[in-house]
Amino acid sequence: MTRRTFRPVAVGATALLTVTALGVPAASATTNDTRRPAADAVQQRLDGLVTEHGFPGALASVRSGGRVRDYTAGVGDLRTGAGIPRDARVRVGSNTKTFTAVVVLQLVGEGRIDLDAPVERYLPGVVRANGNDGRRITVRQLLQQTSGLPDYDEVVFDKTQDLVDRRSDYFDPRRLVDEALTQSRRFPPGERWEYSNTNFVLAGLIVERVTQRPVGEEITRRIIEPLRLRDTYWPQTGEQDLPGRLPRGYVAVEPGAPWVDVTRMDPSLGWAAGQLVSTPSDLRAFFEALLAGKLLKPAQQAALTRTVPAPDFEPTGVWEYGLGIARHELPCGGHAWGHGGDIQGFETRNLSTTDGRSAVVTVTALPTGLEMLEAVTSTVDAALCGTRR
């Protein structure tokens, strides 16, 4: 999931300390396109994420010039030195929010949810504590991150060691909401933008109340299956392992500390805000389809991409936020759309343009400092802009 603070949190898109890179084995790299030039800009960037910035491994899927390329760098297992499988499954954290937003907007298009109705209409009495009031917060404000609701991350994970020690804890979604509501509201609804995972857990609960089905089932039926995202799935309750060949995921609890393998973990902390498993190519295909208008009716597509300023979405660059999706001004001109996400062991950043360029980059550890985070985001920019440094 995602959090805009300078401390690491399990589901944040800016899981940070204040550090430099940690040392890991030198990079090894592969791509599925044997015709790529020796000086391929994306491969150079991925290699740098390992050799210069200290990530154990990295993988990417990029569409540019009508061609799709998959990349890897580094190692997939620090214990054995095994390589990273191409286009492997990873936990994609807060990219789940975009899937959840799409399901809500589909239900809006079906006349089953009103974007401007109060949360109270669908979840009576659920949001009522410490100045947080579901009667004054709309569904749109949940998806737009303008609700003013506090983030349960700040309660559940109050120290870095929790990323390791609590990785197998199970969290019921109502418990996540209740944890958030122990804190005072951040600001009156609609007053400004501020990221909160609580918003999308509530959005998932609304989906379940309206459809009378699990939100993971609705995401699967409405998005994953129609788009044939064969390696994307919603982990079942209690499921902690990732199936198949995959890179291991790591956390360091402080700068310079050893990487801890956290691949086995319970993603319920993310739920509708961050539980999904996917691959770089599946995630790229999802955002491409979404921007192409294949998942929403025109009115809901317009609502999705109507943005407000989101100055803290990432620590660098110009960002605005729509409904579960972010708009980014590219350094080479124009703009792109995406989200990104962090969860124990993995960080993913992704962007897609309306002219057919798209890139997904995943690293196999949470960054331990701002420099590491910026290196990942700049790699996505470079993939779309065709730059090396």
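First, a word on what this report is: a plain description of the structure on this page. (Residues numbered from 1 in each chain as written. Predicted model: local features only at pLDDT ≥ 70, side-chain atom pairs only at ≥ 80, totals over all residues. Heavy atoms only, no water.)

1. Structural notes on unusual backbone geometry
Right, on to step 1. Despite not being glycine, Asn130 has its phi angle at roughly 50°, a positive value.
Right, on to step 2. Looking at the secondary structure, you find Asn130 in the loop between β5 (128-129) and β6 (132-133).
Right, on to step 3. On the basis of relative accessibility, which here comes to 43%, the residue Asn130 falls in the partly exposed class. (Helix = DSSP H or I, 4+ residues; strand = E, 2+ residues; numbered from the N terminus. Buried < 20%, exposed > 50% of the residue type's maximum accessible area, 1.4 Å probe, protein only.)

2. Quick look at the pairing of strand β2 (residues 57-64)
Right, on to step 1. Among the 8 residues that make up β2, 6 are buried, leaving the element largely enclosed by the rest of the structure.
Right, on to step 2. Of the pairings in the sheet, the one linking β2 to strand β3 (residues 67-74) comprises 8 bridges and is antiparallel in character. Opposite Val62, over in β3, you have Arg69 as the bridge partner.
Right, on to step 3. Between β2 and β3, which pair antiparallel and follow one another directly, the connecting turn spans 2 residues, one of which, Gly65, has a positive phi of 60°.
Right, on to step 4. Here β2 pairs with strand β16 (residues 358-363) via 6 bridges, running antiparallel. Residue Val62 lies in a different strand from β16, and its bridge partner there is Ala359. (Pairing = 2+ DSSP bridges.)

3. Description of the environment of Ile325
Right, on to step 1. Tracing the backbone shows Ile325 in the loop between β11 (319-321) and β12 (326-329).
Right, on to step 2. Accessibility expressed as a relative area gives 0% for Ile325, which makes it buried.
Right, on to step 3. With near-sequence residues (within four places) excluded, Ile325 lies in contact with Thr98, Phe287, Leu290, Leu291, Leu304, Glu320, Trp337, Gly338 and His339. (Contact = heavy atoms within 4.5 Å.)

4. Observations regarding the side chain of Arg222
Right, on to step 1. Position of Arg222 relative to the elements: it lies in helix α9 (residues 215-224).
Right, on to step 2. A relative accessible area of 9% means that Arg222 is categorised as buried.
Right, on to step 3. Not counting the four nearest positions on each side in its chain, Arg222 is found in contact with Val103, Gln106, Leu107, Glu110, Arg112 and Leu295.

5. Considerations on the state of the cysteines
Right, on to step 1. Taken as a whole and judged by the stated rule, the model has 1 disulfide.
Right, on to step 2. Residue pairing for Cys332: its cysteine sulfur links by disulfide to Cys385, the two sulfurs lying 2.1 Å apart. Around the S-S axis, the bridge from Cys332 to Cys385 shows a dihedral of about -70° and counts as left-handed. On the criterion of sequence distance, the pair formed by Cys332 in the loop between β12 and β13 (335-338) and Cys385 in helix α12 (residues 370-385) is long-range, its members being 53 residues apart. (Disulfide = S-S within 2.5 Å.)

6. Comments concerning the packing of helix α2 (residues 95-109) against α9
Right, on to step 1. Closest axis-to-axis distance for the α2/α9 pair is 10 Å, and the angle between their directions is 80°. The orientation of α2 relative to α9 falls into the category roughly perpendicular. When α2 is examined against α9, the residues Phe99, Thr100, Val102, Val103, Gln106 and Leu107 are found in contact with a partner set consisting of Glu218, Ile219, Arg222, Ile223 and Ile224.
Right, on to step 2. Here the residues of the contact of α2 with α9 are counted per class, giving 7 nonpolar, 2 polar and 2 charged. (Axes fitted to C-alpha atoms, helices over the stretch in contact; angles between N-to-C directions. Parallel < 35°, antiparallel > 145°, perpendicular 65-115°, else oblique. Nonpolar A, V, L, I, M, F, W, Y, C, P; charged D, E, K, R; others polar.)

7. Looking at the layout of surface pockets
Right, on to step 1. Estimated volume of the largest pocket: approximately 290 Å³.
Right, on to step 2. If one sorts the elements of the lining of the largest pocket by residue count, α9 sits on top with 3 residues.
Right, on to step 3. Considered class by class, the residues forming the lining of the largest pocket number 9 nonpolar, 6 polar and 3 charged. (1 Å grid on protein atoms, 1.4 Å probe; cavity = no way out; pocket = protein on both sides within 12 Å on 5 of 7 lines; lining within 4 Å. Points joined across faces, edges and corners; volume = space filled by probe spheres on them.)

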